[in-house]
Amino acid sequence: MFVAAENTQPCFKGFTLILPAVAVGNVGQLAVDLIVSTLSMRRVGYIHTDCLIPMAGNNPYASSAEDAQELHTAAEVYTEAEMKLAVLQIRAPIIQTKSRKFRKLLVSWIKASGFSRTVVLSSSHAYQRDDQQLQSDPLRYLLTPALQKLCGDALKELGWKEMERVAAFPGLTDTSAEPRLYIPGGGITKGLFTDSCAEELPLAVVLLFCSEGDNIPDSFTLLNHLNDWLHLQAKPSQEANKWKIPSSWRLLFGSGIPPALF
Amino acid sequence: MATFFGEVVSVYSRAVEEDDEEELEEPEEDEEIRRELEERREVRLQWSADVGEMLSSGAARLPCSHLILAVGSNAARFLSVFVLHSANWDSVGHAAFWNEMTQTASGQAGPEAGCVFYRNKDSPSVLICQMTSYIAEDQLFQWTEKVFGCLQQRALNVTVLCDSPVAEYKSPDYVSSSSVPFLRSLQTSACSGTGPRSGTAPCPPLEQPNIVTGLPAAVLSYCQVHHIPAIAYQCYSDVISPDSITMETYKPVLTRLGKVIQLEPLPNADVLRKFVTAADCRSNLYI
């Protein structure tokens, strides 16, 4: 359920929505963090639901001591009105038995808010790629039929690769089994995509094959790729890194080292 | 994963499994079992006769100006030792819930339950809730919805005391053992305004990237979304069982709530002994 942060309901009509899928290496969530922090987006509301594990912390995008003390929750919506851009950041895992309910909730909220298009940032297990997927770069996209009409050609021009349907039984030449969409480790990505196809939502999935570890470089790769399409930043991304790393990314590998060690 | 000694430990992974089975139509029988399991995990609030009567009469809610919630053994026992033993408190209800960590199917009832509510005899709008048992992740949201659904929220102030192991605290400097236990606070936006509470926090705010999880996080999220002033005080300690030094850390928090809650200057030794010895590790190595 969407709850506005202030008394007035924000208007999302015609906005582009970017949201992460909680997936391998949290690449989508890291990329969304970079977008919010770089564009200094404003929090306009929360997704308050029983489908996510609760968590709370102080401002993850704090730039000074003054704005550090501000409570943030598991799922929040940010906007940048001039760019007509909205972002949903999800900071907690989805409760396993409630993933279907969560997808339904997202789809109905997206529909009711009138977003012009939705982009899901996701990732998938690199080790589960098949032979053809192994031979090319690790970025893929998926478009629902409703969005295919609008920007299918634009993505083809950019030279993006569509996510391949893989054989249901690799190695067997059984023509009766249709190739299927397979996104291992992608969380709700596949479900959200198929739901959106059924609901005729204009939705795109942009995903990256990766392995768990330090996934910060992966998030930059995914975001630079996305930037080629959406132009979140005017400057070409190949130049010096223009994305702003939020303060909450500190200490990713734990606390300081005890001085007594040396 | 199996370790050197052969025991199987679960490994935390950020990978998310795609559950293909879920997409399939499930037989009716499975759905029934699933529904029964869900029903079993429901959180049920049981109030004492007079409170129950008040709540059931129309849409009335329990008047409440202060809710003090203690989560974890040290926080809960701190209230037992310094506040609740003064005989000025009535037990007015408890929350019963079942999950894989609770021992009996029905959940313990009465004062021994894992989650008990107390009301002050002199100022009945002050409530204390002690939570000592494990509440599962899928029950947290339900708990907050049900408990706050029973309370009047107009003038409500929430204080949460909670425990956390110091191993989970992240800091660029090494945390030496002489500095634990220590407190960190986290407050909702409704708090940080120009209320009487702002500016005089007894401890520093919780630094990023540290977060609060579990029931305190569920309560803070609820209060943030519903514009209720709430502060959580997280105590980082290196002792997991109830321990008097860790309990002392919470004292400055309650001295600030002085008008609301009478804090005994000294801990009640009998109550303290009861909790501390119960948690004593009984080893037969040096009999």
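The coordinates are above.
So, here is what we can say about the structure in this document. Worth saying up front: this structure is predicted, and the values here are computed from it rather than measured. (Residues numbered from 1 in each chain as written. Chains lettered and ligands numbered in written order. Predicted model: local features only at pLDDT ≥ 70, side-chain atom pairs only at ≥ 80, totals over all residues. Heavy atoms only, no water.)

### Some remarks on the nonpolar core
Part 1 of the reasoning: In terms of nonpolar packing, the biggest core is built from 49 residues, with B:F117, B:W143, B:F148 and B:V158 touching the most fellow members.
Part 2 of the reasoning: No other element matches the seven residues that helix α5 (residues 214–225) of chain B contributes to this core.
Part 3 of the reasoning: Membership of the second largest hydrophobic core comes to 39 residues, among which are A:L19, A:A21, A:I110 and A:M163. (Core = buried A, V, L, I, M, F, W, Y, C linked by side-chain atoms within 4.5 Å. Buried < 20%, exposed > 50% of the residue type's maximum accessible area, 1.4 Å probe, protein only. Helix = DSSP H or I, 4+ residues; strand = E, 2+ residues; numbered from the N terminus.)

### Focus: the pairing of strand β7 (residues 182–187) of chain B
Residue and element names in this part refer to chain B.
Part 1 of the reasoning: Among the six residues in β7, six count as buried, and that is most of the element.
Part 2 of the reasoning: Burial along β7 is two-sided: F182, R184 and L186 and L183, S185 and Q187, pointing in opposite directions, are all buried.
Part 3 of the reasoning: With six bridges connecting them, β7 and strand β9 (residues 230–237) associate as antiparallel partners. Bridging across to β9, Q187 finds its partner in I231. (Pairing = 2+ DSSP bridges.)

### What about the interface of chain A and chain B?
Where interface size is given, it is often the accessible area lost as the parts come together that is meant.
Part 1 of the reasoning: Contacts between chain A and chain B engage 48 residues on the former and 43 residues on the latter.
Part 2 of the reasoning: A buried area of about 3900 Å², summed over both sides, lies between chain A and chain B, and 53% of it is on carbon and sulfur atoms.
Part 3 of the reasoning: Per-residue buried area on chain A facing chain B is highest for A:H48, A:P54 and A:L71; these three make up 17% of the total on that side.
Part 4 of the reasoning: Applying the counting rule to chain A against chain B returns zero salt bridges.
Part 5 of the reasoning: Remark: the boundary between chain A and chain B carries seven residue pairs in polar contact (both at pLDDT 80 or more).
Part 6 of the reasoning: When grouped by side-chain class, the residues that make up the side of chain A that touches chain B number 20 nonpolar, 19 polar and nine charged.
Part 7 of the reasoning: Where strand β4 (residues 55–57) of chain A and strand β8 (residues 211–213) of chain B come together, three bridges link them in antiparallel fashion. Looking at β8(B), one finds that A:A56 is bridged to B:V212. (Contact = heavy atoms within 4.5 Å. Buried area = accessible area lost by both parts, 1.4 Å probe. Salt bridge = Lys/Arg side-chain N within 4 Å of Asp/Glu carboxyl O. Polar contact = N/O pair within 3.5 Å; in protein donor to acceptor, adjacent residues only side chain to side chain. Nonpolar A, V, L, I, M, F, W, Y, C, P; charged D, E, K, R; others polar.)

### Description of the sheet that holds strand β8 (residues 117–125) of chain A
Residue and element names in this part refer to chain A.
Part 1 of the reasoning: Here we have eight strands laid out as an open sheet, ordered β1-β3-β6-β7-β2-β8-β10-β9, and mixed in their pairing. With one partner strand each, in any of the chains shown, β1 (2–4) and β9 (139–143) form the two edges of the open sheet. With strand direction ignored, the average angle separating the axes of adjacent strands in the sheet is 25°.
Part 2 of the reasoning: Together, β2 (16–20), β8, β9 and β10 (203–210) form the strand contacts of helix α6 (residues 216–230), whose direction differs from that of β10 by roughly 150°. (Axes fitted to C-alpha atoms, helices over the stretch in contact; angles between N-to-C directions.)

### Observations concerning the sheet that holds strand β4 (residues 115–120) of chain B
Residue and element names in this part refer to chain B.
Part 1 of the reasoning: Read from one edge of the open sheet, eight strands run β1-β3-β4-β5-β2-β6-β9-β7, paired in mixed fashion. Both edges of this open sheet fall to β1 (44–47) and β7, since each of them pairs with a single strand only. When strand polarity is set aside, the average angle formed by the axes of neighbouring strands in this sheet is 20°.
Part 2 of the reasoning: Where helix α4 (residues 137–149) meets the sheet, its contacts fall on β1, β2 (66–71), β3 (89–96), β4, β5 (126–131) and β6 (157–165), and the angle it forms with β4 comes to roughly 25°.

### Let's talk about unusual backbone geometry
Part 1 of the reasoning: Residues B:V180 and B:P181 are joined by a peptide bond in cis, for which omega reads -5°.
Part 2 of the reasoning: Note on placement: B:P181 falls in the loop between β6 and β7.
Part 3 of the reasoning: The omega torsion of the bond from B:Q208 to B:P209 falls at 5°, within 30 degrees of zero and hence cis.
Part 4 of the reasoning: Here B:P209 is to be found in the loop between β7 and β8.
Part 5 of the reasoning: Positive phi is not limited to glycine here, since A:S40 has a value of about 45°.
Part 6 of the reasoning: Turning to its location among the elements, A:S40 is positioned in the loop between α1 (27–38) and β3 (42–47).
Part 7 of the reasoning: Look at A:S40 and you get exposed, because its relative accessible area is 57%.

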